[in-house]
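Per-entry structural report
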Amino acid sequence: MASNWLGLLVGAALDREDGGSGVMGAIEGTVIEGAVKLVTPLVVTFAIGWAVQYGLRRGLHAITGDEAYQGR
């Protein structure tokens, strides 16, 4: 819980701007911050893996002279 203070504070502030008590916003902000902390490493890992396999595939096609991939 202590690591989600930013989500808690931002969510409460946004909920109060809409006229709420801030409690639901604080809960939602905490949950969203936790989800972002969980998903971000997965997305970064996927992006790095995709870039590596794309580069290897382009290099392989350049070495073998595969004409289907020339100019892409």
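Preceding this section is the structure that the text describes.
So, here is what we can say about the structure in this document.

1. Things to note about a nonpolar patch on the surface
A surface patch of nonpolar side chains, about 390 Å² in accessible area, is lined by V23, M24, I27 and V31. Its place among the elements puts I27 in helix α2 (residues 23-64). Owing to a relative accessible area of 46%, I27 belongs among the partly exposed residues under this scheme.

2. Considerations on α2
Over its 42 residues, α2 runs 61 Å from end to end, which matches the ideal 62 Å to within 8%, given 1.5 Å per residue. At V39, α2 is deflected by roughly 25°, the largest bend along its length, and proline P41 occurs up to four residues later in sequence. Among the residues making up α2, those that are buried are G25, A26, G29, T30, E33 and H61. Just beyond α2, the residue with positive phi is G65, at close to 70°.

So, how was this worked out
- Residues numbered from 1 in each chain as written.
- Predicted model: local features only at pLDDT ≥ 70, side-chain atom pairs only at ≥ 80, totals over all residues.
- Heavy atoms only, no water.
- Patch = residues over 30% accessible without salt bridge, like charges linked within 9 Å, V, L, I, M, F, W, Y side chains within 5 Å.
- Areas by Shrake-Rupley, 256 points an atom, 1.4 Å probe, with all protein chains shown as cover.
- Salt bridge = Lys/Arg side-chain N within 4 Å of Asp/Glu carboxyl O.
- Helix = DSSP H or I, 4+ residues; strand = E, 2+ residues; numbered from the N terminus.
- Buried < 20%, exposed > 50% of the residue type's maximum accessible area, 1.4 Å probe, protein only.
- Expected span 1.5 Å × (residues − 1).
- Bend = angle between axes of the 7 residues up to and from the residue.

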